[in-house]
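Chain by chain, the residues run as shown.
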Amino acid sequence: MPQPLTLLDKIWNAHVVVARDDGTHLLWIDRHLVHDGSFHAFGILHRDGRAMRRPDLTFGVADHYVPSHARSRPIEDPDGARLVDHLTENGQRHGFDVMGMGDPRQGIVHVVGPEQGLTLPGVTLVCGDSHTATHGAFGTLAFGIGATEAAHVLATQTLWQRKPRQMRVIIDGRFGPHVSAKDAILAVIARIGAAGGAGYAIEYAGSAVRAMSMEARMTLCNMTIEAGSRTGMVAPDDTTFAWLRGRPRAPRGKQWDDAVHDWSALGSDPEAFFDQEVWMEADAIAPTVTWGTSPDTGLPITGHVPNPDDAPDRVTSERIASQISNMGLAPNQPLDGIKVDRIFIGTCTNGRIDDLRAAAGVLRDRKAVIPGLVVAGSTPVKRQAEREGLDRVFTAAGLIWGEPGCSSCTGMNGDIVPAGERCAATSNRNFVGRQGPGSRTHLMSPAMAAAAALSGTLQDVRRLVP
Amino acid sequence: MTAFTVLSGPAALLEQANIDTDQIIPARFLRRPRSDGYNNFLFHDLRARDADFPLTATDNAEILVAGENFGCGSSREGAVYALADAGVRCVIAPGFGDIFGSNASRNGLLTVVLAPEAWSAVRDAVASGAEITIDLRRQHVRAANTEHRFEIDPFRKQRLLRGVDDIALTLESADDIDNFEANIPSMRAWSIPG
Ligand code: SF4
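As the structure is a computational prediction, the values presented were derived from the model and not from experiment.

**Describing the overall build of chain B**
Part 1: Along chain B, the regular secondary structure elements total eight helices and eight strands.
Part 2: In terms of overall dimensions, chain B has C-alpha extents of about 65 × 40 × 30 Å along its principal axes.
Part 3: Put simply, chain B has 194 residues, and 57% of those count as buried.
Part 4: For chain B, the proportion of contacts with a sequence separation of at least 24, taken over those separated by at least 6, is 65%.
Part 5: Entry remark: accessible area of chain B is about 7700 Å², with carbon and sulfur atoms responsible for 47%.
Part 6: Distance between charge centroids for chain B: 1 Å, based on 19 positive and 27 negative side chains.

If you want it as structure tokens, here you go:
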């Protein structure tokens, strides 16, 4: 009887090039994604005078520094323009494919990889960005790396890694109306904490996960890093295969059949061991918003800002008090009704077509009372949304329809939230100053951000759209 | 990258939990070339709001005692560059962001994980002005009259002790990599991008 294996075990074992006695393994990397923020990695490669081993397994996308205004206008910030140009130059110099500004495939690296069929079940994929866990939605072993590790991959197509411990998060049952994968992952992070997943890889399972679209699974895996874990995965199934079939770089013909055969065996064996298991009921998850400056501060929209006096110990009490003060809130304040100054819909978390449809469903034939920016995660998503008329729903509501990129997620492209302003955002991080110095961020789903635009406050989308 | 063996000196204290890499270095500085030096960006916005922020007051501290989950969030290696360029060689915390820890060891910055009681003892010693000593080979931290063992991934330890980058080591396995690579078309041809 062979030892039962997890999804992660199976992919890991198939990629070990060298196993050291101390438990460190040299893993083969099937896909390396780079972006306009990856210049440090190339800097290290060039400093040491090394060549790239496999440019054909390396793919570049411009996303962090590209503006959301019309592509006909140049990038105003000279530093940003230089980094976007650098990526193109590195592509030419080393001979890898770059999807730069103006390329019809361009978008956020974690939206583009799957869309182009580069992200596949059973492969190892790395990128110098912590939200690389997104690709795990396909049953891909994907994790974010730093610049020195990225330089190592550029030079050797391998990476030294120690196998993480494994956690399974099971979400069973059905989500209530207007409850999405974003609410689910915010609830998971609130449950296990911002460091709860450190040292672990997480596999998401359960009937609610199986019922999710690929877009929803990507949202779920995307924010795994916000629970401290580098890797979030979902076992591939018919939903995965149907989504990937016919994608530009996905296998075709006999190779497709071989692939589906291999992929079908990837799921964790029934008796496989997980170091930790967390179980949640989908119908207990409400539309969720964060109140603090850490992504683990999600609460149901029906809840209240916590009171530091109720904290179990001094350290927690101080942590709550400092977050409340940074966020300009008061203890016990109801979340529903908190005034916001603007909204932002997009990012690698919620910039896909399902997300834009959900937001448009709330905004249709209504008017926003505060400014807002909607940015598709990629050019193909943008085109699809325009075919469906979603762009007109957003602009008729008074929101700006931007060009694809990371945009106001970190504001590296200049789309910052002004100091002192509060933003209802579909992004993944609410850290102090994340959207610009002095900005305040509440994380939520696209439907909830759309609802906030209509009243200028956080509000329960379920009340608005029955 | 400088090898790390033993380090002694005063330490700065930053007790707050979940100091994310956006706090260590805000995103807007990441566009700068490394050759500019990253030390002025370290904790930039936190310093701007608080003149007494650690590592400004405690000049030249090479050791930072930080709170739980230090370096969580974004994978930006700039966070490690900022600490390293400011002269910090060791951070001691109850836990670190995974990617931060791995970036740190690749830039000669030691991350020491201490269990909560040991961490509290070191914190108290630092707060009372004691110097501390970190011995990587023996995996010990000494603070005032207390001594605490820490665990570290052996590969990471070796990398820090030798102060060399991984690529040189990896290339010793060049034949294994070549063989593995040569087998991919027969193992899983579908994985080669179409
Ligand atoms: S959208 Fe935000 S989180 Fe995602 S890759 Fe871009 S900057 Fe990072």
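Still more to cover.
**A short note on the pattern of salt bridges**
Part 1: Throughout the structure, instances matching the rule amount to 44 salt bridges over all chains.
Part 2: A salt bridge links Arg142 of chain B to Glu147 of chain B; the shortest N-O distance between them is 3.6 Å.
Part 3: Assessed through its relative accessible area of 38%, Arg142 of chain B is described here as partly exposed.
Part 4: Glu147 of chain B sits in the partly exposed class, given a relative accessible area of 39%.
Part 5: Here the residues in one salt-bridge network are Arg53, Arg54 and Asp56 of chain A together with Asp178 and Glu181 of chain B, joined through shared partners.

**A short note on the interface of chain A and chain B**
Part 1: On the side of chain B, 55 residues touch chain A, which itself brings 73 residues to the contact.
Part 2: Where chain A abuts chain B, roughly 5000 Å² becomes buried across the two surfaces, and 54% of that area is made up of carbon and sulfur atoms.
Part 3: On the surface where chain A and chain B come into contact, there are seven salt bridges.
Part 4: Residue Asp22 of chain B is joined to Arg434 of chain A by a salt bridge in which the shortest nitrogen-to-oxygen separation is 3.1 Å.
Part 5: One can count 29 residue pairs in polar contact (both at pLDDT 80 or more) joining chain A with chain B.
Part 6: Considering every element that reaches the side of chain A that touches chain B, the biggest residue donor is helix α5 (residues 147–156) of chain A, with seven residues.
Part 7: Classifying every residue of the side of chain A that touches chain B gives 32 nonpolar, 19 polar and 22 charged.

**Topic: the sheet that holds strand β12 (residues 276–281) of chain A**
Residue and element names in this part refer to chain A.
Part 1: Here four strands make up an open sheet; going across it, the order is β11-β10-β9-β12 and the pairing parallel. The open sheet has two free edges, formed respectively by β11 (231–233) and β12, since each of these has just one partner strand. With strand direction ignored, the average angle separating the axes of adjacent strands in the sheet is 20°.
Part 2: The pairing of strand β9 (residues 165–172) with β12 spans six bridges and is parallel. Residue pairing across strands places Asp172 opposite Glu281, the latter belonging to β12.

**A look at the environment of Leu220 of chain A**
Part 1: Relative to the assigned elements, Leu220 of chain A resides in helix α8 (residues 214–222).
Part 2: Separated by 37 residues in sequence, Leu220 of chain A and Asp183 of chain A have C-alpha atoms that sit 9.0 Å apart.

**As for the sheet that holds strand β3 (residues 63–66) of chain B**
Backbone hydrogen bonds hold the strands of a sheet together, and the pairing may be parallel or antiparallel.
All names here are of chain B.
Part 1: Overall, parallel pairing links the four strands, which are arranged β2-β3-β4-β5 in an open sheet. The open sheet has two free edges, formed respectively by β2 (11–14) and β5 (110–113), since each of these has just one partner strand. In this sheet, adjacent strand axes meet at a mean angle of 20° when their direction is disregarded.
Part 2: Of the strand pairs in this sheet, strand β4 (residues 90–93) and β5 are connected by four bridges, and their pairing is parallel. Note on β5: the bridge partner recorded for Cys90 is Leu110.
Part 3: Each of β2, β3 and β4 touches helix α5 (residues 116–127); the most contacted strand, β3, lies at about 125° to it.

**Regarding the packing of helix α13 (residues 353–363) of chain A against helix α14 (residues 379–387) of chain A**
Residue and element names in this part refer to chain A.
Part 1: At a closest axis distance of 10 Å, the pairing of α13 and α14 adopts a crossing angle of 35°. Judged by the sense of rotation from one axis to the other, the crossing of α13 with α14 is right-handed. Judged by residue contacts, Ile353, Leu356 and Arg357 of α13 engage Val381, Gln384 and Ala385 from α14.
Part 2: Along the lines of polarity and charge, the residues of the contact of α13 with α14 split into four nonpolar, one polar and one charged.

**Points about the site of the ligand**
Part 1: Every residue close to the ligand is listed here: His64, Ile108, His110, Asp129, His131, Thr347, Cys348, Cys406, Cys409, Asn428 and Arg434 of chain A.
Part 2: In the shell around the ligand, the residues fall into four nonpolar, five polar and two charged.

**Here's the deal with the packing of aromatic side chains**
Part 1: One pass over the full model with this rule turns up 15 aromatic pairs over all chains.
Part 2: Geometrically, the ring pair formed by Phe29 of chain B and Phe41 of chain B is stacked, given 4.6 Å between the ring centres and 5° between the ring planes. Within this pair, whereas Phe29 of chain B is found in the loop between α1 (21–24) and α2 (44–49), its partner Phe41 of chain B is found in the loop between α1 and α2, the two being separated by twelve residues in sequence.
Part 3: Look at Phe41 of chain B and you get buried, because its relative accessible area is 8%.
Part 4: Seen from their ring centres, Phe70 of chain B and Phe96 of chain B are 6.3 Å apart, and the 90° between their planes marks the pair as edge-to-face. One end of the pair, Phe70 of chain B, is in the loop between β3 and α3 (78–85); the other, Phe96 of chain B, is in the loop between β4 and α4 (98–105), with 26 residues separating them in the sequence.
Part 5: On the basis of relative accessibility, which here comes to 9%, the residue Phe96 of chain B falls in the buried class.
Part 6: In textbook terms, an aromatic cluster arises when at least three aromatic residues are bridged by ring pairs, as seen for Phe241, Trp256 and Trp263 of chain A together with Trp190 of chain B.
Part 7: Between the NZ or CZ atom of Arg20 of chain A and the centre of the ring of Trp160 of chain A, over which it lies, the distance is 6.0 Å.
Part 8: The cationic tip of Arg165 of chain A hangs over the ring face of Tyr200 of chain A; the distance from NZ or CZ to the ring centre is 4.6 Å.

**Here's the deal with the nonpolar core**
Part 1: Ranked by size, the top nonpolar core spans 114 residues in total, and within it Ile171 of chain A together with Phe43, Leu64, Phe70, Leu83 and Phe100 of chain B carry the most contacts.
Part 2: Of the residues forming this core, the biggest block, eight residues, is contributed by helix α6 (residues 181–192) of chain A.
Part 3: If sequence neighbours within four positions are ignored, Phe100 of chain B has contacts with Thr21, Ile24, Phe70, Gly71, Ala79, Val80, Leu83, Leu109 and Thr111 of chain B.
Part 4: Ranked by size, the runner-up nonpolar core spans 49 residues in total, among them Ala359, Met448, Leu458 and Val465 of chain A.

Here is what the cut-offs are and how they apply
Residues numbered from 1 in each chain as written. Chains lettered and ligands numbered in written order. Predicted model: local features only at pLDDT ≥ 70, side-chain atom pairs only at ≥ 80, totals over all residues. Heavy atoms only, no water. Helix = DSSP H or I, 4+ residues; strand = E, 2+ residues; numbered from the N terminus. Buried < 20%, exposed > 50% of the residue type's maximum accessible area, 1.4 Å probe, protein only. Contact = heavy atoms within 4.5 Å. Areas by Shrake-Rupley, 256 points an atom, 1.4 Å probe, with all protein chains shown as cover. Lys, Arg positive; Asp, Glu negative; His and termini not counted. Charge placed at Lys NZ, Arg CZ, Asp CG, Glu CD. Salt bridge = Lys/Arg side-chain N within 4 Å of Asp/Glu carboxyl O. Buried area = accessible area lost by both parts, 1.4 Å probe. Polar contact = N/O pair within 3.5 Å; in protein donor to acceptor, adjacent residues only side chain to side chain. Nonpolar A, V, L, I, M, F, W, Y, C, P; charged D, E, K, R; others polar. Pairing = 2+ DSSP bridges. Axes fitted to C-alpha atoms, helices over the stretch in contact; angles between N-to-C directions. Left-handed = near helix turned anticlockwise from the far one by under 90°. Near = heavy atom within 4 Å. Phe/Tyr/Trp six-rings, centres within 6.5 Å; stacked < 30°, edge-to-face > 60°. Lys NZ or Arg CZ within 6 Å of the ring centre and 35° of its normal. Core = buried A, V, L, I, M, F, W, Y, C linked by side-chain atoms within 4.5 Å.

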